[in-house]
Every structure is written in structure tokens, then in C-alpha cells.
Amino acid sequence: MPTDVFGVLASPVRRRLLETLRDGPRSTGELAGLFDLGRPAVSEHLAVLRTAGLVREEPRGRHRYYHLEPARLSEVGAWLHPFAHYWEQRLDALSDLLDEETET
């Protein structure tokens, strides 16, 4: 049964982990230091991301390093792409409204 990637991405902690991993691999300890959570809680979030195919784990000695796996995120982006024009329309309308407010 495939993992619901949208459900996985609903967690702010997991989104922040993915954002951090954009800059390169990080150890569990480095990632845990970013949160006011215990290391076991961060490890659980990483396990969910790993199960969803969004990160991969690399053991290095006694440490585990996590790498972003962008292929699964590309699937999400491809699914969201057709909806982008709705956001563009809303942002254009907001920009027009702000321009009108600035003129008056």
C-alpha cells in the first residue's frame, strides 16, 4: 500500500526536515538540534519520511545521515502543477487590489 505523501507532508516538522535537507545530508543529531523535540521524536518523523520515499538513510559509523529524495516530491509537484493557474489568478487579483489601494 503506497504511503499518502500529502498526509506525510501535512506535518510542519516533516516539512522543515525536508527543507533542511535541501542543503545537503544531515545527521540525525544535527536534525534533532533544530527542534524543541527529543531525538526519538525526530527519528520517528524521519522514519515516516523514509517510508514515504522522501528521504534515504545512510549509515556512517555510529551515525545515520539523511538525504533528500526529490523524485517523490517531483510527483507531488507534477500533480499540483495544473492547479498553479488558480494561485496565479489569486495573486494577480491581490496585486491589482494592492495597486488600487496604493493609488488612493
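Residues numbered from 1 in each chain as written. Predicted model: local features only at pLDDT ≥ 70, side-chain atom pairs only at ≥ 80, totals over all residues. Heavy atoms only, no water.

Taking an unreviewed UniProt entry as the reference, the protein chain is identified by name as Metalloregulator ArsR/SmtB family transcription factor belonging to Streptomyces fragilis.

Draft legend 1. Just the pattern of salt bridges, in detail. According to the stated counting rule, one finds 5 salt bridges in the structure shown. Between Glu-69 and Arg-56 there is a salt bridge, with the nearest N and O atoms lying 2.9 Å from each other. Placement of Glu-69 in the loop between strand S3 (63–68) and helix H5 (70–80) and of Arg-56 in strand S2 (residues 55–60) is noted, with a sequence separation of 13 residues between them. Take Glu-69: its relative accessible area is 26%, and that puts it in the partly exposed class. Assessed through its relative accessible area of 39%, Arg-56 is described here as partly exposed. Between Glu-58 and Arg-60 there is a salt bridge, with its nearest N and O atoms 3.3 Å apart. Through salt bridges with shared partners, a single ionic network connects Arg-50, Glu-57 and Arg-64. (Salt bridge = Lys/Arg side-chain N within 4 Å of Asp/Glu carboxyl O. Helix = DSSP H or I, 4+ residues; strand = E, 2+ residues; numbered from the N terminus. Buried < 20%, exposed > 50% of the residue type's maximum accessible area, 1.4 Å probe, protein only.)

Draft legend 2. Molecular detail of the packing of aromatic side chains. According to the stated counting rule, one finds 2 aromatic pairs in the structure shown. Ring centres of Phe-6 and Trp-79 lie 5.3 Å apart, and the angle between their planes is 65°; on these two criteria the pair is classed as edge-to-face. Highlighted residues: Phe-6 in helix H1 (residues 5–9) and Trp-79 in helix H5, separated in sequence by 73 residues. Ring centres 5.0 Å apart and planes at 40° place the aromatic pair Trp-79 and Phe-83 in the tilted group. Members of the aromatic cluster, each reached through a chain of ring pairs, are Phe-6, Trp-79 and Phe-83. (Phe/Tyr/Trp six-rings, centres within 6.5 Å; stacked < 30°, edge-to-face > 60°.)

Draft legend 3. Just the environment of Val-48, in detail. Inspection of the secondary structure puts Val-48 in helix H4 (residues 39–51). Here Val-48 falls in the partly exposed class, since its relative accessible area comes to 31%. Between the C-alpha atoms of Val-48 and Leu-9, which are 39 residues apart in sequence, the distance is 9.9 Å. Ignoring any residue separated from it by four or fewer positions in sequence, one finds Val-48 in contact with Val-8 and Arg-14. (Contact = heavy atoms within 4.5 Å.)

Draft legend 4. Here's a closer look at the sheet that holds S2. Here 3 strands make up an open sheet; going across it, the order is S1-S3-S2 and the pairing antiparallel. Looking along the sheet, the strands with just one partner apiece sit at the ends: strand S1 (26–27) and S2. Sheet strands in contact with H4 are S2 and S3, and its direction is about 120° off that of S2. (Pairing = 2+ DSSP bridges. Axes fitted to C-alpha atoms, helices over the stretch in contact; angles between N-to-C directions.)

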